[in-house]
Structures are given as C-alpha cells and as structure tokens.
Amino acid sequence: MTNAAPTPAEITELARGLHTLSRNLWWTWNQEAQEIFHELSPRGWQNLYHNAVAILHEVSDAELRVRLLDVEFARKVRGMLARFDAYMSEKDTWTAKEAPQLLKNPVAYFSAEFGFHETLPIAAGGLGILAGDHTKSASDIGLGFHGISLFYREGYFQQQISQENWQTESYNLLKPKNIPIEPVLNSGGEPLVLSVEIAMSTVYFHAWRVNVGRVSVYLLDCDRPENEQRFRDLTLRVYGGDSTTRIMQEVLLGVGGVRLLRALGLQPSVFHMNEGHAAFLVLELLREKLASGKAYADSVAQTRKECIFTTHTPVEAGHDRFTPDLMGYVLNKLQAELGLSFDDFMGLGRVDVKNMSEPFCMTVLALKVSRAANGVSELHGSVSRQMWQGLFPGKTVDEVPIGSITNGIHVPGWMKGPVRKFWQRKLAAEIAASSDQSKVVQTRFGTLPAGWNWEARLDSVDFWQRVADPAFLSDEEIWALRYRLRRELIEFTRRRLLLQGQRLSQGDFIAFDQLLKPDALTIGFARRFATYKRAPLVFQQFENIVKLAHDPLRPVQFVFAGKAHPRDDDGKRFIQHIIHLSKFSELKGSLVFIENYDVHVARMMVSGCDVWLNNPRRPLEASGTSGQKTSCHGCLNLSILDGWWREGYDGTNGFAIGEDSHPDSIEEQDRLDSESLYRALTEQVIPSFYQRDANGIPRQWIGKIRRAMVTLVAQFSTGRMVRDYVNNYYAPKPKA
Ligand SMILES: *Cc1c(COP(=O)(O)O)cnc(C)c1O
C-alpha cells in the first residue's frame, strides 16, 4: 500500500466503477457502498433519499475525479469495487453446485410489482417487496433468473395526510436518468421496441433493465410515440385505473413479458407467476407452440410443464376477475390465434366451464396451466386447497395440488447499516478463522481476503446458532444495540413529524422533541391499511391502553405507518382514526403516525421498535413478512398465529395473540382477538420488558431476543425460501 495519489488512469477506472455500481442495486445491500455515496454528498444522500444515481449527477465528474485524489477515499472505493467485482464474477455459487441446469435455461419470474429500495417506488406493498427480496436472493445464490414487470412512471402514490386527517395521494414522475435503471437496447444500440395486441390496437413497448446484483429485472414501458395517448398511459401507475386498465396492463405483463424474453434470446425452463396478475403469459406460451405447428393438447401439456404459480392471498378481492365482455374486447385477437371458441377461451379462466356468466379469473387460469402451485405459508397452503378444490373434481381437499413455501425476507437488504456492522464486528474473528485461506480472490480492483463475502452467511442457520451463546454475544451488547436503534427511530420519527406538521402549519402546538420516550417500550405497526389487517384493533380497549401509556414506571408507546389503497375509504378511515387519537386524545405524545410508509420508513421501524404488532383477521394474512424483518435487529413479534408467525412462534421467541384457531364469526373473532391482545400485553410483554436486574438489564427479554435470532432469521429469509423454490419447484430432483 503506497501513499501516492492514484494516477489519472486509475481515477478513470474508479469513477467508471462507481457509475456502473450506482446502476446495480447491489449497493442497496452493501454497507461500504452506501457509505461512499453518503461521503460524496452527505446532504445529497439525505435530500435525494439515498439515491446513488442521483448523487453521481449531483457530484460533477470533475469533482468526483478530485475527490478520488484523496488516497484514503480512493482506497475505500477500490476495496468496495473489488468486493462488487468478486460478487459479480463468482462462479462457485450454490446454483452452480445444486442446479446448474438453471444457468442455461433460467427462471423467468413475473410479478406486477417489485419493491427493491426507496429510490424505485414501484411497489404497492408486501407482494412487491417479496418479489424484490426473491430477486436479491436469486442473485446471491447465483440463480439464472430474469424478472419481468412494468415500468410505472408515476410509481405508487405518495401519501399525505390532510388537515382533516384524511389520506390524499400524489404522484411523482420518475425520471429514468435519475434512477437505477437502464434502457434495453437492440443490436443497433437503439431501444428495443416490441408490441402486443390489445383490443383492436397494436401497442408498442420498450423496456428498462434493473440490475439486481447478478440478475436482471425488466420493466416494460408503453410510453412510446407510436402509441395513442391512452396506451402511452397504460403503464402510468401501479394498479392504476379501472378493470380495463388492469386487464390491459396484465396483457402487457404476461404476453409482452414473454415476447421480451424471446427477443433477448432467452429460453427459460420455468415461468414463475408471482400472483395471478401475470397469468396471461400462459396464453402467449400456448400461442407460440400452436404457431410452430403443435396440436392444441400437446401445446397445453408442454406449457404446463414450464409454468409454476404462487398464490398470495385468500382475500376474494385479491383475485382478478374479468367479465366476458371485457375479455372479448381486449383479447379477441389472441383468442382467434389460439383457435378457440369464445366459450372455450373463457373456460380457461372458469371454475365451472359451463357457467357462461362466470367471469374469467386469473388465478384459475394460472392453476389450470401450471405444473405446480403453492401458497405462501402452511396455513395459507391449506386454506388455498379448500378455496380452489372446485377446480380439481374428484380430489379431496388434502389432495388438491397446491403446496406451500413460506415467505421470507432478504436479510442483508433489510438489516440496518449499524446492525450489519455490529454483526460483522462480532463475527470478524470467526469469519477469518473459518474461511478457507486458500480462497483469496483476485479481482480487477485488487486481491480480497478469504471470507470477504461474509454477508452471504447472513441467512445461514449456523451463523445465527452462535447467538445462543452468551460468551459470544453478551446481554449487555444486545441491550446497548436496542437502545441505540430505539433512539434512532425516535429521532427519525420526531424529524418526520416535524416536517408533517410544518406542511399543515401545525408546527406550533406539538413539542416534537418530546414526542415518544427513548426508554419506553415501543410498539410498531406498519403495513398496508387493508381492513382485514385491523390496524386500530389495539385501541378497542382505549381506556386501558391510555392507562398503559401513562404508567409512570412501565410506559408503552406506539408508532404507526401505512398506506390505504386510493379507493379504500374504510382503510382511510382507520388511518384517520389513529391520527386523530395521536393528536387529540390522551395518547398524544405516546402515539404517532408516520406519513408515507415505504422501504426506508419500514427499515427504521422494524429496527427501532421493541415489539412488532400484527393482528390480521385469521387466516387472511397468507404470510406477512414485515415481522420477519425485525428479528435480526432484536425486536420481538407480538402477533396473531396467522401466516408465517404460526410457524415461527415456538413459545420462547416472541409473543402470540390468541390460539392456533379462530371462530367463524368475524364479530366474535374481533372481540376475542382484542381481548387476547390486551392480555398478552399486560400479562407477558410489559412485565417481561420491564423486569430488570440490578444493572437495569431485562435478562428475560433479552433471552427472547436471542431465541428470536437463533430460530427466526435464517428460517424466514428469502435465502432459505429461494432454495426451497429451486429444490421443490424450479428444479426438483427426481424422487429416488
Ligand atoms: C415488508 C413490507 C410490507 C409487507 O408487510 P406485511 O407485514 O407483510 O403486510 C409492505 N410494505 C413495505 C414498505 C414493506 O417494507
């Protein structure tokens, strides 16, 4: 290592490396990379909302070159680019060992939304976040994987709360130049333009590539000069407009997605439909086979072999259904190309093919033309088998071929920066000792020591087993981390509420710097405000909750966030109710609502809260994933035994609300659950949190945190989940 300033050629190489990296989302789950962009422009990092691409527009090329004259900074950049290079060029991956056939014939993964990071706000909620996490883990294990979605140029809405505490929506135009996407070009270096037939029109689209580590997600975009305005606007918003917009978006996603893959020369062995939105892809696969001269029955059989389907909700309204009129109008051309009568065509999406009034259901189409299907938790698998039994005449509920793979989260992506450093420091010696020292890695940017990719272990069971040992990790260290994370959340919340208040010119009557107490038991709730998630449930026992909040020795406080769908007035009333309580009731100061829930707010909350509350109406949650983001930060779940928590909870690693069963009547369920929630809070959560030893340490509580880390982090990761998809669905090994 010399102290000589980098040469001009080296500076060019590093600057180019930073530009390439800014357009690869790998930086969103790599701590050093984020620190470098932050260091380049600390204010920009905050104001541009952690956007590496925008930072490199903010910092001129001239400035960047001069900054790289700093030997120390250049050394950091070089080290980070070496890690990126090593990650990108790794050959010895899990997939290479376990399922090499998926490298040649990859997985095509279709999802109407993908949630990656706050700079790319094109997800509406958990489904998109799951798709994003699936993609990141696919990259981590070296899977052959191509995602397909749409480029919503106004993204999902930004939430503002009005004077009347009513949610209002606004949309920001995303500028491709300023976000981590790149145009997909043809061999002539021009945008690749393809088309689909929708109604009587040919609709043209181009595509954008999102680089997610080693894999790509393609976002289809109809904003082409060749198109009429109504088609240019087709890809304006996530789930925007009415069912006509919806069906047209889904034609683009399914049919257009397959055409893009073919234009890129890809021959996937698996087409994975993440939710029914993408199911029209099977029609395009059928059309391709018929066009090549295959008989209809053979075409269906072959298409089935290529397709797998994941259903995500037992909520009826979550399954797209289209009327025969709409289907006929939008898909007449494709119907003709498939050589089907209209009734037979509609039959592909009907449970009862003879029922001419039955609408066309995307889930039905997906289930009929997939070789395998699954729900997203054990309970959801079982509920789905009941729900779709009608599609499998002669089969008992248990025989219905819908399995389950429980959702997870991408651990390195959700782990807050300081926590990543915490684990790295804790494990440094061990990582060095256990790494095969012959495996130093050569990269374009220098040599890396063995064990450089320690983050790859963050979703391994072995890694988290270590936490059980107090000699490895002390209670005191865990507790200090908890205090730090709680304070970061509280200070973040105060700042955000100050800004919210200023917008409503209410800055004067709330003492923002006194909102929430840094020592108090902090309970978080954040997710979409779909009514079945019952956000205000805990306040049903209002007088009692006020007493808990005001207990001078054992106070509790609440942080809420979440968006209601723009057309869901009931969800908006829930938001209004909670904000009203936070401003005008005796809970003022102990209850806050953070506007505009997104990935960044989520990360602050799942790390800073002590308890993560989830109280859906069972069994409607399907899986839920936000609670999975908490465990590596030392936050504990308090949840109904629905979705993933029914599998995760073992009596020692958090708290359950109610039993592993539920009454049929909704009223009865709401009443029981509200009582059980209050009981769990007062009999278990609060006493355990506040039971301190002579040094002020809650040993029992920390014991639960430890158990949560040992039992939950690896198990409920997308690392485990994607490997399950490979082993059970993408490339199942022949049964011995
Ligand atoms: C994790 C996450 C979700 C999903 O949360 P659930 O608990 O599954 O409802 C939704 N939105 C954002 C921004 C998230 O980060």
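Undergrad: So what exactly am I meant to see when it comes to the packing of aromatic side chains here?
TA: The geometry of two aromatic rings is summed up by the distance between their centres and the angle between their planes. One pass over the structure, following the stated rule, counts 32 aromatic pairs. Taking the centre distance of 5.1 Å and the plane angle of 55 degrees together, the rings of Phe 463 and Trp 464 count as tilted. The pair Phe 463 / Trp 464 is uniform in exposure class, with both members buried. Seen from their ring centres, Phe 689 and Trp 701 are 5.0 Å apart, and the 85 degrees between their planes marks the pair as edge-to-face. Highlighted residues: Phe 689 in helix 26 (residues 666-690) and Trp 701 in helix 27 (residues 699-712), separated in sequence by 12 residues. Trp 701 sits in the buried class, given a relative accessible area of 0%. Through a chain of ring-to-ring contacts, the aromatic side chains of Trp 479, Tyr 483, Phe 655, Phe 689, Tyr 690 and Trp 701 assemble into a single cluster. A cation over a ring is seen here: Arg 214 above Tyr 87, with NZ or CZ 4.3 Å from the ring centre. One cation-aromatic arrangement involves Lys 563 over Phe 157; the distance from NZ or CZ to the ring centre is 5.1 Å.

Undergrad: When you look at helix 12 (residues 281-291) in this model, what are you seeing that I'm missing?
TA: Three or four residues apart is the spacing at which side chains of an α-helix point the same way, because the helix has 3.6 residues per turn. Within helix 12, 10 of the 11 residues are buried, which leaves the element mostly enclosed by the surrounding structure. For helix 12, every residue scored as buried is listed here: Leu 281, Val 282, Leu 283, Glu 284, Leu 285, Leu 286, Arg 287, Glu 288, Lys 289 and Leu 290. Looking at the residues trailing helix 12, positive phi occurs at Gly 293, about 100 degrees.

Undergrad: Please clarify how the site of the ligand should be interpreted in this entry.
TA: Taken together, 14 residues sit near the ligand, with Trp 414, Lys 533, Thr 625, Ser 626 and Lys 629 positioned nearest. Between the ligand and Thr 625 there is a distance of 2.8 Å, counted from an oxygen atom to a backbone nitrogen or oxygen. Ser 626 places a polar side-chain atom, nitrogen or oxygen, 2.5 Å from an oxygen atom of the ligand. Of the residues assigned to the shell around the ligand, the class counts are five nonpolar, five polar and four charged.

Undergrad: Help me out: how do you make sense of the packing of helix 19 (residues 417-434) against helix 21 (residues 475-503) in this one?
TA: Two elements in contact, helix 19 and helix 21, have axes separated by 11 Å at closest approach and are oriented at 165 degrees. Overall, the two elements helix 19 and helix 21 adopt an arrangement that is roughly antiparallel. Relative to helix 21, the crossing made by helix 19 is right-handed. Every residue of helix 21 that contacts helix 19 at Pro 418, Val 419, Phe 422 and Lys 426 is listed here: Glu 477, Leu 481, Arg 484, Leu 485 and Glu 488.

Undergrad: Explain the side chain of Ser 41 here, please?
TA: Note on placement: Ser 41 falls in the loop between helix 2 (31-40) and helix 3 (42-47). Ser 41 sits in the buried class, given a relative accessible area of 11%. Beyond its immediate sequence surroundings of up to four residues, Ser 41 is in contact with Ile 55, Glu 58 and Val 59.

Undergrad: Would you mind showing me how to read the pattern of salt bridges here?
TA: Note on pairing: side chains with opposite charge can pair once their charged atoms come close. One pass over the full model with this rule turns up 50 salt bridges. Asp 233 serves as the salt-bridge partner of Arg 153, at 3.0 Å between the closest nitrogen and oxygen. Of the two residues, Arg 153 is situated in the loop between strand 2 (145-150) and strand 3 (158-161) and Asp 233 in the loop between helix 10 (229-232) and helix 11 (243-263); the sequence distance between them amounts to 80 residues. Residues Glu 284 and Arg 259 are paired through a salt bridge, measuring 3.1 Å at the closest nitrogen-oxygen approach.

Undergrad: I tried to follow the packing of helix 21 against helix 24 (residues 599-608) on my own but got confused; where do I start?
TA: Relative placement of two packed helices is described by the angle separating their axes and the distance separating the axes. Where helix 21 meets helix 24, the axes come as close as 8 Å, and the angle between the chain directions of the two elements is 140 degrees. With respect to helix 24, the element helix 21 is oriented oblique. As for the relative orientation of helix 21 and helix 24, their crossing is left-handed in sense. Contacts from Arg 482, Leu 485, Arg 486, Glu 488, Leu 489, Phe 492 and Arg 496 in helix 21 reach His 600, Val 601, Met 604, Met 605, Ser 607 and Gly 608 in helix 24. Tallied by class, residues from the contact of helix 21 with helix 24 come to six nonpolar, three polar and four charged.

Undergrad: Is there a simple way to explain the domain arrangement of the chain in this structure?
TA: One widely used convention gives an interface's size as the accessible area the parts lose upon coming together. Taken domain by domain, the chain comprises domain 1 (1-89), domain 2 (102-274), domain 3 (279-405) and domain 4 (476-723). Once you take the C-alpha centre of each, domain 3 and domain 4 turn out to be 38 Å apart. Domain 3 puts 11 residues into the contact, and the matching count from domain 4 is 14 residues. Between domain 3 and domain 4 lies a buried interface of about 870 Å² when both sides are counted; carbon and sulfur atoms form 67% of it. Counting across the interface, domain 3 meets domain 4 through zero salt bridges. Taken together, the connections running from domain 3 to domain 4 amount to two residue pairs in polar contact (both at pLDDT 80 or more). Across the side of domain 3 that touches domain 4, the residue classes break down as six nonpolar, four polar and one charged.

Undergrad: Teacher, can you tell me more about the pairing of strand 7 (residues 201-212) here?
TA: Across a regular strand the side chains alternate sides, sitting on one face of the sheet and then on the other. In terms of residue burial, strand 7 counts as a mostly covered element, since nine of its 12 residues are buried. Between strand 6 (residues 194-198) and strand 7, which pair antiparallel and follow one another directly, the connecting turn spans two residues, one of which, Ala 199, has a positive phi of 55 degrees. Bridging between strand 7 and strand 8 (residues 215-221) involves seven bridges; their strand directions are antiparallel. Paired with His 206 across the two strands is Asp 221, which belongs to strand 8. The turn linking strand 7 back onto strand 8 is made up of two residues, and Gly 213 within it adopts a positive phi angle of 60 degrees.

Undergrad: Got a minute to help me understand helix 19 in this structure?
TA: For helix 19, which comprises 18 residues, the first-to-last C-alpha distance of 24 Å matches the rise-based estimate of 26 Å (1.5 Å per residue) to within 8%. Along helix 19, the positions that sit buried rather than exposed are Gly 417, Val 419, Arg 420, Phe 422, Trp 423, Leu 427 and Ile 431. The secondary structure elements touched by the buried residues of helix 19 are helix 2, helix 18 (411-414), helix 20 (461-465), helix 21 and helix 27.

Undergrad: Can you walk me through the environment of Leu 515 in this structure?
TA: Relative to the helices and strands, Leu 515 resides in the loop between helix 21 and strand 17 (521-526). Put simply, Leu 515 and Glu 491 are 24 residues apart on the chain and 9.1 Å apart in space, counted from C-alpha to C-alpha.

Undergrad: What exactly am I supposed to notice about unusual backbone geometry here?
TA: What you tend to see is this: most non-glycine residues have negative phi, and most peptide bonds are trans. For the peptide bond that leads from Arg 618 to Pro 619, omega is 5 degrees, which places it in the cis range. You can see Pro 619 is positioned in the loop between strand 20 (611-614) and strand 21 (636-640). Of note in this structure, Tyr 239 is not a glycine but carries a positive phi near 50 degrees. Residue Tyr 239 is classed as buried on the basis of its relative accessible area, which comes to 11%. A positive phi angle, close to 65 degrees, is found at Ala 622, a residue other than glycine. Topologically, Ala 622 is positioned in the loop between strand 20 and strand 21.

Undergrad: Help me out: how do you make sense of the sheet that holds strand 20 in this one?
TA: Across a sheet, paired strands are connected by hydrogen bonds in the backbone, their directions being either parallel or antiparallel. In spatial order, the strands read 19-18-17-20-21-22; together these six strands make up an open sheet with parallel pairing. One side of each edge strand has no neighbouring strand; the edge strands of this open sheet are strand 19 (591-594) and strand 22 (655-657). For this sheet, the mean angle separating the axes of adjacent strands, direction not counted, is 20 degrees. Pairing of strand 18 (residues 556-561) with strand 19, which is carried by four bridges, proceeds in the parallel orientation. Across the sheet, the residue bridging to Phe 558 is Leu 591, located in strand 19. Across the sheet, helix 26 touches strand 17, strand 18, strand 20, strand 21 and strand 22, and the angle it forms with strand 22 is around 160 degrees. Across the sheet, helix 27 lies against strand 17, strand 20, strand 21 and strand 22, angled at about 80 degrees from strand 21, the strand it touches most.

Undergrad: Would you explain the pairing of strand 1 (residues 107-110) in this entry?
TA: Side chains of strand 1 alternate between two faces, with Val 107 and Tyr 109 and Ala 108 and Phe 110 buried alike. In this fold, strand 1 hands off to helix 9 (residues 126-140), which returns the chain to strand 2; that crossover is right-handed. Bridging between strand 1 and strand 9 (residues 270-274) involves four bridges; their strand directions are parallel. If you follow Ala 108 over to strand 9, its bridge partner there is Phe 271.

Each value, and the rule that gives it
Residues numbered from 1 in each chain as written. Predicted model: local features only at pLDDT ≥ 70, side-chain atom pairs only at ≥ 80, totals over all residues. Heavy atoms only, no water. Phe/Tyr/Trp six-rings, centres within 6.5 Å; stacked < 30°, edge-to-face > 60°. Buried < 20%, exposed > 50% of the residue type's maximum accessible area, 1.4 Å probe, protein only. Helix = DSSP H or I, 4+ residues; strand = E, 2+ residues; numbered from the N terminus. Lys NZ or Arg CZ within 6 Å of the ring centre and 35° of its normal. Near = heavy atom within 4 Å. Polar contact = N/O pair within 3.5 Å; in protein donor to acceptor, adjacent residues only side chain to side chain. Nonpolar A, V, L, I, M, F, W, Y, C, P; charged D, E, K, R; others polar. Axes fitted to C-alpha atoms, helices over the stretch in contact; angles between N-to-C directions. Parallel < 35°, antiparallel > 145°, perpendicular 65-115°, else oblique. Left-handed = near helix turned anticlockwise from the far one by under 90°. Contact = heavy atoms within 4.5 Å. Salt bridge = Lys/Arg side-chain N within 4 Å of Asp/Glu carboxyl O. Domains from an automatic or database assignment. Buried area = accessible area lost by both parts, 1.4 Å probe. Pairing = 2+ DSSP bridges. Expected span 1.5 Å × (residues − 1). Right-handed = clockwise from strand over helix to strand, strands pointing away.

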